[in-house]
Protein chains: 2
Amino acid sequence: MMDSQQLLCKINDYLAALDYPAEPRLLYRPVEYALEAGGKRLRPVFVLMSYGLFAEDYERALPCAAAIEVFHNFTLLHDDIMDNAPLRRGRPTVWNRWGENVAILSGDAMIISSYSLLAQAPAALLPRVMECFNRVAMQVCEGQQYDMDFESRQTVEESEYINMIALKTSVLFEGAIEIGAILGGADRRNINRLREFALEFGLAFQLQDDLLDSYGDSRLGKSVGGDILEGKKTYLMISALNAATPEERTLLGSLHRDESLSADEKIARTLEIFNRYEVKRKTEEEINRRFAKALAALAEVDADPEALAGLKAFVEGLMGRDK
Amino acid sequence: MMDSQQLLCKINDYLAALDYPAEPRLLYRPVEYALEAGGKRLRPVFVLMSYGLFAEDYERALPCAAAIEVFHNFTLLHDDIMDNAPLRRGRPTVWNRWGENVAILSGDAMIISSYSLLAQAPAALLPRVMECFNRVAMQVCEGQQYDMDFESRQTVEESEYINMIALKTSVLFEGAIEIGAILGGADRRNINRLREFALEFGLAFQLQDDLLDSYGDSRLGKSVGGDILEGKKTYLMISALNAATPEERTLLGSLHRDESLSADEKIARTLEIFNRYEVKRKTEEEINRRFAKALAALAEVDADPEALAGLKAFVEGLMGRDK
């Protein structure tokens, strides 16, 4: 059994070894640029850790793990066009560096590239792997559309927001875990428990991301307030909007656009309202509830105990519960 | 055996019966809008006619035929963004009607939808079908990138142009024919001959499209000169540019932008130079050479004679050789 660090190295080596053609340069260089950006490679690590619950020879699962990562990076590439985001992991985004047309087309090439990797799954398992991948890939598109829909809406229900992040974020974790389990030969019962684990973990992970952006993390020293300054409808903002008075609601919707305020003032005044309605506590409770459900589902999985413990330790680390 | 008209009906019925979810509306309505636009459905008809050379039960090939058509319509949807084209088949393009972000994302959904249809191929054949589809899908992206590259170039070699239209247009015909043959159970030898047939037909078909746009077709009463007014580097323009004097070359590159000229004058002066270098005759010779190669390859295919005759008659009709 390999730990998450060893698996991460395997994935990075595999991705670095994918050699795309030299020409046309403007189609393939942006693809390599996007994949070089790195990141935590969480999704392919999930594929391999899920596979490792039931099998040993990780090589068999590497192409599908890479397929999930290439697809994830395609979604970032196209989302950056739609969100007009200038930077990604500290570097210019593809549309920003090469233009929108190049970004659209190289993103398309990345989808196709992800299916080329997926097609390397063992032939007997390919139909099931394809069914899973196609399902979650379409759900990710649905999540992105809902996300864009919400921007132009006055109010969003918490349940609508949870559904959106489930589609946009969690289902790809679910797909990664499911494909790893299919390749490892897991039975239906284990697959269903692992899917629930991944879905609930994904929600807890995204909600924690929302929380850290507004309240920070001393350990990570993460910059605080980015979502607030962008006026993003995060779980915290939605909870506050749904609890606030009409006056406060108007304020929450306009503070980030108020030219007369400094960034710090915008953040402080927004957090003031968040605190008034205990948004932090509420969010922490939701995170704990989701993460506990995830661990409970994982505990029900019948697989190699050592590998199960490794996966549990990995997600606890991601949630900052490792000390 | 069914004729091309019956097969077209089968395909249109199948496409019309694909029911995409109701929500998110802005993700799925544009997909349906793009597929409703119709068109000749040549590629799926090719899948079924190729299948019909070796088998009878067309139902087995319908999902893959639809996959090729959905993918083709995805390429049109994203190309229309890149080309900033306001109209497609007489209706507003998706980006023009719903905006660029909706067009990018719904195009992405169409790629995934095409793979969902492809995944319905018989399990035993799925790996080969996927390999073929992935290969041609990536080549189509390469063709689109070369097409965009050429716009900003002074000169393009004829061989470069032929390679570009082979990638952008012919390979999808090749993929359609190959997938139909794989599903029908054709052997390697027949598949290779059919691929050559489709590739050469695709080139003849695209070159004829270039020719008709500049010289028209009395039978079709097609509007003449669209490519010339857009300053597009068609086969005719490239042949003229490569034969012309430096002065004529400058003229050919600037005529379509000359505010002082009427559309008719722009077209007339361009055709004057085309005629000076016998571009029409040269193009017709290239079309005839390609189409003859296509028919020669088709004649070498060992399959049901009646079905072969039907496919031959179909492509002769498409090339206007049916009288």
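Just so we're clear, the structure is a prediction, and the values are computed from it rather than from any experiment.

Here is what the cut-offs are and how they apply
- Residues numbered from 1 in each chain as written.
- Chains lettered and ligands numbered in written order.
- Predicted model: local features only at pLDDT ≥ 70, side-chain atom pairs only at ≥ 80, totals over all residues.
- Heavy atoms only, no water.
- Helix = DSSP H or I, 4+ residues; strand = E, 2+ residues; numbered from the N terminus.
- Rg over C-alpha atoms; globule rule 2.2 N^0.38 Å.
- Buried < 20%, exposed > 50% of the residue type's maximum accessible area, 1.4 Å probe, protein only.
- Contact = heavy atoms within 4.5 Å.
- Areas by Shrake-Rupley, 256 points an atom, 1.4 Å probe, with all protein chains shown as cover.
- Axes fitted to C-alpha atoms, helices over the stretch in contact; angles between N-to-C directions.
- Parallel < 35°, antiparallel > 145°, perpendicular 65-115°, else oblique.
- Left-handed = near helix turned anticlockwise from the far one by under 90°.
- Nonpolar A, V, L, I, M, F, W, Y, C, P; charged D, E, K, R; others polar.
- Buried area = accessible area lost by both parts, 1.4 Å probe.
- Salt bridge = Lys/Arg side-chain N within 4 Å of Asp/Glu carboxyl O.
- Polar contact = N/O pair within 3.5 Å; in protein donor to acceptor, adjacent residues only side chain to side chain.
- Phe/Tyr/Trp six-rings, centres within 6.5 Å; stacked < 30°, edge-to-face > 60°.
- Lys NZ or Arg CZ within 6 Å of the ring centre and 35° of its normal.
- Least-squares fit on C-alpha atoms with pLDDT ≥ 70 in both.
- pLDDT = per-residue confidence, 0-100.
- Domains from an automatic or database assignment.

1. Some details on the overall build of chain A
Reasoning step 1: When you go through chain A residue by residue, the secondary structure sums to 15 helices and two strands.
Reasoning step 2: Relative to a compact globule of 323 residues, whose C-alpha radius of gyration would be 20 Å, chain A shows 20 Å and is just as compact.
Reasoning step 3: For chain A, the spread of C-alpha atoms along the principal axes amounts to about 60 × 50 × 30 Å.
Reasoning step 4: In chain A, which comprises 323 residues, the proportion classed as buried is 57%.
Reasoning step 5: Taking all contacts inside chain A whose residues are at least 6 apart in sequence as the whole, residues at least 24 apart take part in 74%.
Reasoning step 6: Only carbon and sulfur atoms are counted for the fraction: they give 50% of the accessible area of chain A, which is about 13,200 Å².

2. Things to note about the packing of helix α12 (residues 246-254) of chain B against helix α13 (residues 263-276) of chain B
Residue and element names in this part refer to chain B.
Reasoning step 1: In contact at an axis separation of 10 Å, α12 and α13 are set at 140 degrees when each is read in the N-to-C sense. Classified by the angle their axes make, α12 and α13 are oblique. Of the two elements, α12 crosses α13, and the hand of that crossing is left-handed. Across from E248, L251 and L252 in α12, the residues of α13 making contact are T270, I273, F274 and R276.
Reasoning step 2: Residue composition of the contact of α12 with α13, grouped by class: four nonpolar, one polar and two charged.

3. Regarding the interface of chain A and chain B
Reasoning step 1: At the interface, 38 residues of chain A touch 38 residues of chain B.
Reasoning step 2: Here chain A packs against chain B, burying approximately 3,400 Å² in sum over the two surfaces, 74% of which is carbon and sulfur.
Reasoning step 3: Where chain A touches chain B, the interface holds zero salt bridges.
Reasoning step 4: Joining chain A to chain B, the criterion identifies six residue pairs in polar contact (both at pLDDT 80 or more).
Reasoning step 5: When residues in the side of chain A that touches chain B are grouped by element, the largest group, 13 residues, is from helix α7 (residues 126-151) of chain A.
Reasoning step 6: Considered class by class, the residues forming the side of chain A that touches chain B number 26 nonpolar, seven polar and five charged.

4. Considerations on the packing of aromatic side chains
Reasoning step 1: Counted by the stated rule, this structure contains 33 aromatic pairs over all chains.
Reasoning step 2: With a centroid separation of 5.6 Å and an interplanar angle of 85 degrees, the aromatic rings of F173(A) and F201(A) are classed as edge-to-face. Separated by 28 residues along the polypeptide, F173(A) in helix α8 (residues 158-184) and F201(A) in helix α9 (residues 188-215) bring together distant segments of the chain. Each member of the pair, F173(A) as well as F201(A), carries the same accessibility label: buried.
Reasoning step 3: Members of the aromatic cluster, each reached through a chain of ring pairs, are F71(A), F74(A), Y115(A), F133(A), F71(B), F74(B), Y115(B) and F133(B).
Reasoning step 4: We note R91(B) situated over the ring of Y33(B); from NZ or CZ to the ring centre the distance is 3.7 Å.
Reasoning step 5: Its end group placed over the ring of Y215(B), K280(B) keeps NZ or CZ at 5.7 Å from the ring centre.

5. Let's talk about the relation of the copies chain A and chain B
Reasoning step 1: With an RMSD of 0.0 Å, the operation that places chain A on chain B is a rotation of 180 degrees combined with a shift of 0.0 Å along the axis. Within this description, the copies of the chain are treated as partners about a two-fold rotation axis.
Reasoning step 2: Most of the interface of chain A is mirrored in chain B: 100% of its interface residues are interface residues there too.

6. Focus on the confidence of the model for chain A
Reasoning step 1: Confidence in the prediction of chain A, expressed as mean pLDDT, is 95, and 98% of residues score 70 or more.
Reasoning step 2: For this predicted complex, the interface confidence comes out at an ipTM of 0.96, alongside a pTM of 0.96.

7. Quick notes on the domain arrangement of chain A
Residue and element names in this part refer to chain A.
Reasoning step 1: The domain architecture assigned to chain A consists of domain 1 (1-186) and domain 2 (215-301).
Reasoning step 2: On a C-alpha basis, the centroid separation for the pair domain 1 and domain 2 is 27 Å.
Reasoning step 3: Contact with domain 1, which involves ten residues of that partner, is made by eleven residues of domain 2.
Reasoning step 4: Surface buried jointly by domain 1 and domain 2 totals about 890 Å² across both partners, of which 62% is contributed by carbon and sulfur atoms.
Reasoning step 5: If you sort the residues of domain 1 by the area they bury against domain 2, E158, Y161 and I162 come out on top, with a joint share of 56%.
Reasoning step 6: Inspection of the domain 1/domain 2 interface yields one salt bridge.

8. Description of the side chain of S114(B)
Reasoning step 1: Take S114(B): it is sitting in helix α6 (residues 100-118).
Reasoning step 2: If sequence neighbours within four positions are ignored, S114(B) has contacts with A67(B), V70(B), F71(B) and F133(B).

9. Section: the pattern of salt bridges
All names here are of chain A.
Reasoning step 1: On inspection of all chains with the given rule, the structure shows 46 salt bridges over all chains.
Reasoning step 2: For R193, the salt bridge is made with E300, and the minimal N-O distance between the two is 3.8 Å. In this pair, R193 is assigned in helix α9 and E300 in the loop between α14 (279-299) and α15 (305-318), connecting sequence segments 107 residues apart.
Reasoning step 3: A salt bridge links R281 to E285; its shortest N-O distance comes to 2.6 Å. Highlighted residues: R281 and E285, both in helix α14, separated by four residues, approximately one helical turn.
Reasoning step 4: The class for R281 is partly exposed, based on a relative accessible area of 37%.
Reasoning step 5: A residue is classified by how much of its surface remains accessible, and E285, at 42% relative accessible area, is partly exposed.

10. Let's talk about the environment of I81(B)
Reasoning step 1: Checked against the element boundaries, I81(B) lands in helix α4 (residues 62-82).
Reasoning step 2: Among the residues examined, I81(B) registers a relative accessible area of 5% and is labelled buried.
Reasoning step 3: In this structure the C-alpha to C-alpha distance between I81(B) and L7(B), which are 74 residues apart in sequence, comes to 31 Å.
Reasoning step 4: The contacts of I81(B), once residues within four sequence positions are left out, are N101(A), I104(A), W95(B), E100(B), A103(B) and I104(B).

11. Details of the packing of helix α8 (residues 158-184) of chain B against helix α11 (residues 235-243) of chain B
All names here are of chain B.
Reasoning step 1: Packing of α8 against α11 brings their axes to within 10 Å, and their N-to-C directions diverge by 170 degrees. In terms of orientation, α8 lies roughly antiparallel with respect to α11. In this structure, the crossing between α8 and α11 has a hand that is right-handed. In this structure, α8 contributes E158, Y161 and I162 to the contact, and α11 contributes Y235, I238, S239 and N242.

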